[in-house]
Amino acid sequence: VQLQASGGGLVQAGNSLTLSCVASERTSSDYSNAWFRQAPGKAREFVAAIFRSSGNPIYASSVKGRFTIARDKAKNALYLQMASLKPEDTAVYYCAAGRRLILSSVRDAEQYPYWGQGTQVTVSS
């Protein structure tokens, strides 16, 4: 599975941005999809995920209430709607996919074998 992320850019604090990630093929219902981010000098961190076919979203506490993850199976697409952006949201954002993850592991980047190339999000103050 190949993933292509897009939608990053430069925005002012308080504004919104939507990231997209398109997969090269339709994935089965046992795939989980996620967004991670990595700021300069920091480790990659979990942002949000959708667990398998449940559709239930899972969020990092730092983005809960501001970000929304969504998946469109018909388009093989994953989205991350980001609102009320803050300068600390500045990072390269990566989409990821993994099969047969267990719920307790969706926040672990090492569980995802498929990654997009990353898209830069810069939030100015």
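So, about the pairing of strand β7 (residues 67–72). Direction of pairing for β7 relative to strand β8 (residues 77–82): antiparallel, over a ladder of 6 bridges. The residue bridging Phe67 from the neighbouring strand is Met82, located in β8. Between β7 and β8, which pair antiparallel and follow one another directly, the connecting turn spans 4 residues, one of which, Asn76, has a positive phi of 55 degrees.

As a further point, take unusual backbone geometry. We note that Arg52 has phi near 45 degrees; this positive angle belongs to a residue other than glycine. For Arg52, a relative accessible area of 27% puts it in the partly exposed group. Residues other than glycine seldom take positive phi values, yet Ser84 does so here, at roughly 50 degrees.

Further remarks concern the nonpolar core. One finds Trp35, Leu80, Met82 and Tyr93 to be the most contacted residues of the largest nonpolar core, which totals 38 residues. Leaving out residues up to four positions away in the same chain, Leu80 has contacts with Leu17, Thr18, Leu19, Trp35, Val47, Ala48, Phe67, Thr68, Ile69 and Tyr93.

This brings us to the state of the cysteines. With the rule as written, the count across this model stands at 1 disulfide. A disulfide bridge connects Cys21 with Cys95, and the sulfur atoms are separated by 2.1 Å. Taking the sign of the S-S torsion, about 65 degrees here, the bridge from Cys21 to Cys95 comes out right-handed. Taken together, the residues Cys21 in strand β3 (residues 17–23) and Cys95 in strand β9 (residues 91–99) connect sequence positions 74 residues apart. Assessed through its relative accessible area of 4%, Cys21 is described here as buried.

Right, let's talk about the environment of Ala77 for a bit. Turning to its location among the elements, Ala77 is positioned in strand β8. Its relative accessible area of 5% is what places Ala77 among the buried residues. Considering only alpha carbons, one finds Ala77 and Ser20, 57 residues apart in sequence, at a separation of 6.9 Å. Residues in contact with Ala77, not counting those within four places in the same chain, are Cys21, Val22, Ala70, Arg71 and Asp72.

A few words now on the packing of aromatic side chains. By the definition in use, this model includes 6 aromatic pairs. Relative to Tyr114, the ring of Tyr31 has its centre 6.3 Å away and its plane inclined at 35 degrees; by these criteria the two rings are tilted. With Tyr31 in strand β4 (residues 31–38) and Tyr114 in strand β10 (residues 114–115), this pair connects stretches of sequence that are 83 residues apart. A relative accessible area of 8% places Tyr31 in the buried class. Of the residues examined, Tyr114 reaches a relative accessible area of 26% and is grouped as partly exposed. Relative to Phe46, the ring of Phe36 lies with its centre 5.7 Å away and its plane at 75 degrees, an arrangement referred to as edge-to-face. Residue Phe36 is located in strand β4, and its partner Phe46 is located in strand β5 (residues 45–50); the two are separated by 10 residues in the primary sequence. No difference in accessibility class separates Phe36 from Phe46, as the two residues are buried. Ring pairing ties together the aromatic residues Phe36, Phe46, Tyr94, Tyr112 and Trp115, which thus form one cluster.

Cut-offs used in this document
- Counting of residues starts from 1 at the beginning of each chain's written sequence and follows it residue by residue.
- Reporting of local features is limited, given that this is a predicted model, to residues whose pLDDT is at least 70; pairs of side-chain atoms are given and counted only at 80 or more, and all residues count toward the totals for whole chains, interfaces and linings.
- Side-chain measures here rest on the full set of heavy atoms in the structure, leaving out hydrogens and waters.
- In this description, strands pair whenever DSSP reports at least two bridges between them.
- Helix and strand definitions follow DSSP, with helices as H or I runs of at least four residues and strands as E runs of at least two, each counted in order from the N terminus.
- Summary of the burial criterion: residues with accessible area below 20% of their type's maximum are buried, those above 50% are exposed, and those between are partly exposed, where the area comes from a 1.4 Å probe applied to protein chains only.
- As used here, the term nonpolar core means buried Ala, Val, Leu, Ile, Met, Phe, Trp, Tyr and Cys residues forming a set that is joined through side-chain atoms within 4.5 Å.
- The contact criterion used is simple: two residues touch if any of their non-hydrogen atoms lie within 4.5 Å.
- Disulfide: a pair of cysteine sulfur atoms within 2.5 Å of each other.
- Stacked, edge-to-face and tilted are the three classes for Phe, Tyr and Trp ring pairs, Trp counted by its six-membered ring, which pair at centre distances within 6.5 Å; planes under 30 degrees apart are stacked, over 60 edge-to-face, the rest tilted.

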